Amino acid sequence: MKIIMLGAPGAGKGTQAKQIAEKYSIPHISTGDIFRANIRNNTELGKKAKEFMDQGLLVPDELTCDLVMDRIAEDDCKNGFVLDGFPRTIPQAEALDAALAKTGQKMEYAIDVDVADENIVNRMGGRRACLNCGATYHIVTIPTKQEGICDKCGNPVVLRDDDKPETVQKRLTVYHEQTQPLIEYYKKQGILKSVDGSQPMEKVFSDIVASLA
Ligand code: AMP
């Protein structure tokens, strides 16, 4: 099962992607997580990516595409994968299609988790992330067991720089300009599924599962 998650930043696609990965036993591949791991490890890629991420901008395609193509060529992706945060531009989608076509494969589902902009801004302010292990929470919908402390590794959870209100506004503009056209791109391919992301998380998930049937 080869799945792409679409949706504005903060629409909840990451949370849903993790659950899909678990239910269907396929890897969850998040480009945002890969960049953040590189930032933590102070790699060259991490240093370059951070410059763009901190401004709410997209990391250039040339730094992004190859790393995804390498990742989906790994053994554990044989039965499929769920891509979270990639593609985010039409050239990225075209690069993905071209890479899969080389081995006679194609994407099967593009799931758009649809949430209105005004809800996004409210949600993002409540997001908290562990900069050590990458786990994400929300102060209202997915709180940590102990306030401010990551359930998984015990480190502090914080509001990520790119989740701060001024950056969120920029990310939404970037989303509408560069990523939203992918909805039409996958609609034309006949693989788009839209779910209402403003519903409770469990309902969003059951709608996604129903759309994959
Ligand atoms: P995310 O965790 O998916 O919201 O990603 C956080 C940030 O990483 C984004 O705001 C971008 O700066 C960068 N990023 C993640 N995925 C991509 C991508 N496919 N193309 C370009 N930049 C990306």
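Residues numbered from 1 in each chain as written. Predicted model: local features only at pLDDT ≥ 70, side-chain atom pairs only at ≥ 80, totals over all residues. Heavy atoms only, no water.

Draft legend 1. Examining the pattern of salt bridges more closely. Across all of its chains, the model carries 13 salt bridges by this definition. A salt bridge links Asp75 to Lys78; its shortest N-O distance comes to 3.7 Å. Since its relative accessible area comes to 63%, Lys78 is described here as exposed. With its nearest N and O atoms 2.9 Å apart, the salt bridge here joins Arg171 to Asp163. Judged on exposure class, the residue Arg171 and its partner Asp163 are both buried. Overlapping salt bridges bring together Arg127, Arg160, Asp162, Asp163 and Arg171 as one network. (Salt bridge = Lys/Arg side-chain N within 4 Å of Asp/Glu carboxyl O. Buried < 20%, exposed > 50% of the residue type's maximum accessible area, 1.4 Å probe, protein only.)

Draft legend 2. Molecular detail of the sheet that holds strand β1 (residues 2-6). Spatially, β2-β3-β1-β4-β8 is the arrangement adopted by the five strands of the open sheet, whose pairing is parallel. Two strands bound the open sheet, and with one partner strand each, they are β2 (28-30) and β8 (192-196). Across this sheet, the average inter-strand angle for adjacent strands is 20°, counted without regard to direction. Here β2 pairs with strand β3 (residues 81-84) via three bridges, running parallel. Note that in β3 the partner of His28 across the bridge is Val82. The strands touched by helix α1 (residues 13-24) within the sheet are β1, β2, β3 and β4 (109-114), with β1 carrying the most contacts at an inclination of about 165°. (Pairing = 2+ DSSP bridges. Helix = DSSP H or I, 4+ residues; strand = E, 2+ residues; numbered from the N terminus. Axes fitted to C-alpha atoms, helices over the stretch in contact; angles between N-to-C directions. Contact = heavy atoms within 4.5 Å.)

Draft legend 3. The arrangement of the sheet that holds strand β5 (residues 127-130) in detail. Reading across the sheet, the three strands line up as β6-β5-β7 and stay open at both edges, with antiparallel pairing between neighbours. Looking at strand neighbours, the two that pair on one side only are β6 (136-138) and β7 (157-158), the edges of this open sheet. Pairing of β5 with β7, which is carried by two bridges, proceeds in the antiparallel orientation. Within β7, the position partnered with Cys130 by the bridge is Val157.

Draft legend 4. Spatial organisation of the layout of surface pockets. Size it by volume and the second largest pocket reaches roughly 310 Å³. In terms of lining, the second largest pocket is formed by 17 residues, of which the most central are Arg36, Ile39, Leu131, Arg160 and Asp161. Of all the elements in the fold, those that place two or more residues in the lining of the second largest pocket are α2 (31-40), α3 (44-53) and β5. If you tally residues by element for the lining of the second largest pocket, the top one is α2, at four residues. Of the residues assigned to the lining of the second largest pocket, the class counts are seven nonpolar, two polar and eight charged. (1 Å grid on protein atoms, 1.4 Å probe; cavity = no way out; pocket = protein on both sides within 12 Å on 5 of 7 lines; lining within 4 Å. Points joined across faces, edges and corners; volume = space filled by probe spheres on them. Nonpolar A, V, L, I, M, F, W, Y, C, P; charged D, E, K, R; others polar.)

Draft legend 5. Up close: the packing of α1 against helix α9 (residues 201-211). It is the contact of α1 with α9, at a shortest axis distance of 10 Å, that shows an interaxial angle of 50°. For the element pair α1 / α9, the angle class is oblique. The two elements α1 and α9 meet at a crossing, and its hand is right-handed. Where α1 approaches α9, its residues Thr15, Gln16, Gln19, Ile20, Lys23 and Tyr24 are matched on the opposing element by Met201, Val204, Phe205, Ile208 and Val209. Looking at side-chain class alone, the contact of α1 with α9 contains seven nonpolar, three polar and one charged residues. (Parallel < 35°, antiparallel > 145°, perpendicular 65-115°, else oblique. Left-handed = near helix turned anticlockwise from the far one by under 90°.)

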